[in-house]
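Chain and residue survey
In case you want the letters, here they are:
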Protein chains: 2
Amino acid sequence: MVTVPRWPEDSRSRLVDAAMSLFGEHGYSGTTVDEIAARAGVTARTFFRHFADKEEVLFADDDTLLPGLLASIAAAPGPIAADALMLHALTTLAAVMQPQRPALVARQRIIDTDVSLTGRELAKQARWQQGVTATLIERGFDPDEAEILSAIGFAIFVRALHAWLADDDGPDLADRIRDALPRARTVLDAVSAR
Amino acid sequence: MVTVPRWPEDSRSRLVDAAMSLFGEHGYSGTTVDEIAARAGVTARTFFRHFADKEEVLFADDDTLLPGLLASIAAAPGPIAADALMLHALTTLAAVMQPQRPALVARQRIIDTDVSLTGRELAKQARWQQGVTATLIERGFDPDEAEILSAIGFAIFVRALHAWLADDDGPDLADRIRDALPRARTVLDAVSAR
DNA sequence: GCACTCATGACAGTTCATGACATCACTCGT
DNA sequence: ACGAGTGATGTCATGAACTGTCATGAGTGC
């Protein structure tokens, strides 16, 4: 019956699954690419054809979310206040991430164990932030203001994201973001008032 | 004769100098640790005794600045508004960095060529931000507010830092930070006003 | 069918990183 | 003085992360 591996059979997703489970069992640095490839039934060379490096297997899926985020900013209707636009974009993103929570929790737990993974995550966030800034500018916002706004928006989003992933029971991600914005506004009012 | 390399002669700083010049000549990834060690007159094994990895040679000095930053926050006199405290701390840090501009420009140029270096820089910034947040909390600020404040402070600082490094002629770093704070406040007022 | 593409395997080679052990100059207590 | 540390370094060996190149074999289109 030789279950002839007739066709690629989606090596890529098998590699992701193998990597996630092995990272969970032996930790990120305790897992070799050879082991991941072996569990996925391919060779290490094939791993590097799908992912530029060992870290990328944890981040490759992220890039599928960015276009949607930018589109939700670009497509938001008519003239709109900056903070309303940001809230709209971030809660839309949150809605996409919500059902993936279990996978995201596992992923975050791995990332938090390794400094270089943390750096990679932050670099990716920085690229997202640049994309958001550019899209805001395209919508006519002042460049400097767009940069500051997206910086604050991401600071709030990341805070809410980490809290959401850490609390097993608690509000949805979108609700956390909705709650965080007025709270941040209160803080900023205090600063502005001097 | 035999100019006996009598003694260590500060291998570490020679390694840093060798690394910086080689990175400038052949780029970061185009330079091997063996080459750096050879130019510094030591072996690669010695390189790794001074620096945990190849990247660290670019970041090791950073850690000498953090204690001063935290001290300037902890030691600022009496009751003080959050934004004034942040301005005080960041301009103090800026004064320390100002004379090192040429070296920092070269370093930044190298970091910007490599994603993993960018990530490492951001991870280091994140650690600094956590330290600032903790120090603000120790001074009695509300934890959530401290986190948001340091996030905004770092966003402003990093913006100013990159602009300062990019403009060969222009205001000092401290002046840029002083100018940026009211500008950010204006933006935030606009958001808060909705 | 026949050429073509594309994912993969196979295999060698480079670089980074680290552990084990030896060496050599200098310091310090006696 | 002198012998036991101490610390920075070198040498050797090894593992793991990549990288280049060529071969193969299944599907695809004409």
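No experiment lies behind these values; they were computed from the predicted model shown.

1. A closer look at the protein's contact with DNA strand C
Inspection of the region around DNA strand C gives 18 residues, with A:Ser11, A:Thr46, A:Arg49, A:His50 and B:Arg45 positioned closest. For DNA strand C, the fraction of protein-proximal atoms (within 4 Å) that sit in sugar or phosphate groups is 52%. One of the backbone N or O atoms of B:Val33 is found 3.1 Å from a phosphate oxygen in DNA strand C. Looking at the surface near DNA strand C residue by residue, the class counts come to 5 nonpolar, 7 polar and 6 charged.

2. Details of the pattern of salt bridges
Going through the model one piece at a time under the given rule, you end up with 24 salt bridges over all chains. Of the charged contacts, one joins A:Arg178 and A:Asp175 as a salt bridge, the two residues approaching to 3.0 Å between their closest N and O atoms. Here A:Asp175 and A:Arg178 lie together in helix 10 (residues 173-193), a separation of 3 residues that amounts to about one turn. With relative accessibility at 40%, the residue A:Arg178 sits in the partly exposed group. In this structure, B:Glu56 engages B:Arg120 in a salt bridge whose closest nitrogen and oxygen atoms are separated by 2.4 Å. One end of the pair, B:Glu56, is in helix 4 (residues 56-59); the other, B:Arg120, is in helix 8 (residues 115-138), and 64 residues separate them in sequence. On the basis of relative accessible area, B:Glu56 is assigned to the buried category, the value being 14%.

3. Observations concerning the confidence of the model for chain A
For chain A, the mean per-residue pLDDT works out to 88, and 91% of the residues sit at or above 70. In the model, residues 1-7 of chain A has pLDDT below 50 throughout and makes 0 contacts with residues more than four positions away in sequence or in other chains.

4. Regarding the environment of A:Glu138
Note on placement: A:Glu138 falls in helix 8 (residues 115-138). Judged by its relative accessible area of 69%, A:Glu138 is exposed.

5. Let's talk about the packing of helix 6 (residues 82-97) of chain A against helix 9 (residues 143-166) of chain A
All names here are of chain A. Where helix 6 meets helix 9, the axes come as close as 11 Å, and the angle between the chain directions of the two elements is 35°. As for how helix 6 packs across helix 9, the hand of that crossing is right-handed. For the pair helix 6 and helix 9, the contacting residues are Ala82, Met86, Leu90, Leu93 and Met97 in the first and Leu149, Ser150, Gly153, Phe157, Leu161 and Trp164 in the second. A class-by-class count of the residues in the contact of helix 6 with helix 9 yields 9 nonpolar, 2 polar and no charged.

The rules behind the values
Residues numbered from 1 in each chain as written. Chains lettered and ligands numbered in written order. Predicted model: local features only at pLDDT ≥ 70, side-chain atom pairs only at ≥ 80, totals over all residues. Heavy atoms only, no water. Near = heavy atom within 4 Å. Polar contact = N/O pair within 3.5 Å; in protein donor to acceptor, adjacent residues only side chain to side chain. Nonpolar A, V, L, I, M, F, W, Y, C, P; charged D, E, K, R; others polar. Salt bridge = Lys/Arg side-chain N within 4 Å of Asp/Glu carboxyl O. Helix = DSSP H or I, 4+ residues; strand = E, 2+ residues; numbered from the N terminus. Buried < 20%, exposed > 50% of the residue type's maximum accessible area, 1.4 Å probe, protein only. pLDDT = per-residue confidence, 0-100. Contact = heavy atoms within 4.5 Å. Axes fitted to C-alpha atoms, helices over the stretch in contact; angles between N-to-C directions. Left-handed = near helix turned anticlockwise from the far one by under 90°.

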